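Single-letter residue listing:
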Amino acid sequence: MMDKLQEMWEQQKKFMELLQERRDFTKFPVDMTSKSGQKLLKGITHECMHELFEANQMLKNSKDHRVTDIKDFDREGYAEELADALHYFFEIAILSGISMDELVEAYIKKGLKNIRRIENGY
């Protein structure tokens, strides 16, 4: 599984490098202390949230007040929107200078903290 994650990460990095060559994309990592760096990351974070919102819009059967069930669900479209969000998520991390290993370590550490919280009655 880690190989797949690494492949996804590298694909995003190569895409960003292609954007640098052909579309004047920003150099990375950005300066996280600068206003321009933080504004750039906020903008891309907004795009990531927008993709999640688009995925959310596909969940037509989620309304508590609706009596009828909508069984039609575009699984492929939903997965594509989640993939779009993941592209932006990786872009945010790469622009921030956070390595995949650093992100995985932080994810595991936070996951263990969440497990401990539940086990301790949080």
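Conventions adopted
Residues numbered from 1 in each chain as written. Predicted model: local features only at pLDDT ≥ 70, side-chain atom pairs only at ≥ 80, totals over all residues. Heavy atoms only, no water. Core = buried A, V, L, I, M, F, W, Y, C linked by side-chain atoms within 4.5 Å. Buried < 20%, exposed > 50% of the residue type's maximum accessible area, 1.4 Å probe, protein only. Helix = DSSP H or I, 4+ residues; strand = E, 2+ residues; numbered from the N terminus. Contact = heavy atoms within 4.5 Å. Expected span 1.5 Å × (residues − 1). Patch = residues over 30% accessible without salt bridge, like charges linked within 9 Å, V, L, I, M, F, W, Y side chains within 5 Å. Areas by Shrake-Rupley, 256 points an atom, 1.4 Å probe, with all protein chains shown as cover. Salt bridge = Lys/Arg side-chain N within 4 Å of Asp/Glu carboxyl O.

Caption draft 1: Region of the structure containing the nonpolar core. If you look at the biggest cluster of nonpolar residues, it comprises 16 residues, and the most contacted ones within it are Trp9, Met16, Phe25, Phe28 and Leu95. At the level of elements, helix H1 (2-23), helix H2 (35-57) and helix H3 (75-96) are the ones that each hand at least two residues to this core. In terms of residue count, H3 provides more of this core than any other element does, 6 residues in total. With residues near it in sequence (within four places) discarded, Met16 still touches Phe25, Phe28, Glu91, Ile94 and Leu95.

Caption draft 2: Summary view of H3. For H3, with 22 residues, the first-to-last C-alpha span of 31 Å sits near the 32 Å given by 1.5 Å per residue. Along H3, the residues classified as buried are Gly77, Glu81, Ala85, Phe90, Glu91, Ile92, Ala93, Ile94, Leu95 and Ser96. On its buried side, H3 packs onto H1, H2 and helix H4 (100-119). One or two steps after H3, the chain reaches Gly97, where phi turns positive at roughly 85 degrees.

Caption draft 3: Up close: unusual backbone geometry. With an omega of 5 degrees, the peptide bond between Phe28 and Pro29 qualifies as cis. Mapped onto the elements of the fold, Pro29 is located in the loop between H1 and H2. Residue Asp24 is not a glycine yet carries a positive backbone phi of 60 degrees. When you line up the elements, Asp24 lands in the loop between H1 and H2.

Caption draft 4: Focus on a nonpolar patch on the surface. On the surface, Tyr107, Ile108, Leu112 and Ile115 cluster together into a nonpolar patch covering about 450 Å² of accessible area. Among the structural elements, Ile108 can be located in helix H4. Take Ile108: its relative accessible area is 47%, and that puts it in the partly exposed class.

Caption draft 5: View of the environment of Gly43. Within the element layout of this structure, Gly43 appears in helix H2. Classification of Gly43 as partly exposed rests on a relative accessible area of 32%. Remark: the alpha-carbon pair of Gly43 and Ile92, spanning 49 residues in sequence, is separated by 9.8 Å.

Any link to function would need more than the numbers given here.
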